[in-house]
Amino acid sequence: MSEVASARRTRITPEREAELYEAVLDLLREVGYDALTMDAVAARTRSSKATLYRQWGGKPELVAKAIRHNKPGHTADLDTGSLRGDLHALTCREDDCAMQQNAALMRGLFMAVHGNPDLLRAFKELLIEPEMAEFDRLVQRAVDRGEVRADCPALGYVVHMLVGAFATRTLIDDQPPTQTFLTSYIDAVVLPALGVHVN
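Residues numbered from 1 in each chain as written. Predicted model: local features only at pLDDT ≥ 70, side-chain atom pairs only at ≥ 80, totals over all residues. Heavy atoms only, no water.

Describing unusual backbone geometry
Phi angles above zero are rare outside glycine, and Arg-46 is one such case at about 55°. Assignment of secondary structure puts Arg-46 in the loop between helix H3 (38-45) and helix H4 (49-56). The backbone phi angle of Asp-174 is positive, close to 55°, even though this residue is not glycine. As for its position among the elements, Asp-174 is in the loop between helix H9 (158-173) and helix H10 (179-193). (Helix = DSSP H or I, 4+ residues; strand = E, 2+ residues; numbered from the N terminus.)

Examining the side chain of Asn-102
Position of Asn-102 among the secondary structure elements: in helix H7 (residues 96-114). Note on Asn-102: relative accessible area 11%, which makes it buried. Among the polar contacts listed, one links the side chain of Asn-102 to the side chain of Asn-70, at a separation of 3.3 Å. Excluding its chain neighbours within four sequence positions, the residues that come into contact with Asn-102 are Arg-29, Asn-70, Glu-94 and Phe-166. (Buried < 20%, exposed > 50% of the residue type's maximum accessible area, 1.4 Å probe, protein only. Polar contact = N/O pair within 3.5 Å; in protein donor to acceptor, adjacent residues only side chain to side chain. Contact = heavy atoms within 4.5 Å.)

Looking at the pattern of salt bridges
Counting across every chain of the model gives 16 salt bridges. Asp-173 serves as the salt-bridge partner of Arg-169, at 2.9 Å between the closest nitrogen and oxygen. Separated by four residues within a single helix, Arg-169 and Asp-173 lie in helix H9, roughly one turn from each other. Under the relative-accessibility criterion, Asp-173 is labelled partly exposed at 34%. (Salt bridge = Lys/Arg side-chain N within 4 Å of Asp/Glu carboxyl O.)

Re helix H5 (residues 59-70)
Taking 1.5 Å as the rise per residue, H5 with twelve residues should run 16 Å; its terminal C-alpha atoms sit 16 Å apart, in good agreement. If you check which residues of H5 are buried, you get Lys-59, Pro-60, Glu-61, Leu-62, Val-63, Ala-64, Ala-66, Ile-67 and Arg-68. Along its buried surface, H5 packs onto helix H2 (14-31), H3, H4, H7 and helix H8 (117-145). (Expected span 1.5 Å × (residues − 1).)

Some remarks on the state of the cysteines
The final tally for this structure, using the stated rule, is zero disulfides. Cys-92 takes part in no disulfide bond, and the closest cysteine sulfur, belonging to Cys-97, lies 16 Å away. Looking at Cys-92, the relative accessible area reads 42%, which means it is partly exposed. Exposure remark for Cys-97: the relative accessible area of 52% places this residue in the exposed category. (Disulfide = S-S within 2.5 Å.)

A closer look at the environment of Phe-123
With respect to the helices and strands, the residue Phe-123 is situated in helix H8. Distance in space between the C-alpha atoms of Phe-123 and Pro-60 is 7.8 Å, their sequence separation being 63 residues. Among all residues touching Phe-123, those that are not within four sequence positions of it are Val-63, Ala-64, Ile-67, Met-106, Leu-109, Val-113 and Ile-128.

Don't take any of this as a statement about function, it's just geometry.
Put into structure tokens, the structure is as follows:
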């Protein structure tokens with residue numbers, strides 16, 4: 001980030017930034033990505049549109065950063081001493097109500113991503129790549145502890161498995177993802193695929 005961008009960013013307090021992100025998420029849930037406008041965000045947050053563009057560059061960046069900010073903590077900070085403990089702790093950071101809201105939000109955004117290359121780029125750069133880097137560190141700790149073999153073919157697919165379970169729970173079972181479902185899935189599918197024995 002340039003020094004100019006850093007200087008601009010400091011004009012908004014962390015509290016105000018959090019308030020803006022929450023408003024963006026509320027609007028996304030209400031109208032969806034395509035109907036969301038910077039004018040609507042400005043009106044909802046009593047901000048100037050110029051300020052929003054100066055801080056975030058545009059709607060794709062603002063939305064991606066709002067989603068990232070909404071995530072409870074950093075994945076790499078989880079360290080329970082075991083991969084199973086880490087994955088269960090990751091699942092339990094959100095209650096079932098928040099998980100259901102976020103699943104519905106993400107389904108809408110995944111559809112929007114397909115028709116919007118700018119949103120896809122913002123998601124990759126600001127959300128997916130940082131999240132993947134953090135998750136890779138969590139999994140690498142399991143390899144370093146000797147829980148998972150470094151040559152395990154499933155290592156490159158852990159995130160795919162978890163996101164798949166989260167995203168398809170409603171589609172296949174007509175039920176929202178829950179902590180119980182995801183922890184059971186981790187024990188029944190993810191850990192065995194990695195060669196981790198579950199008692």
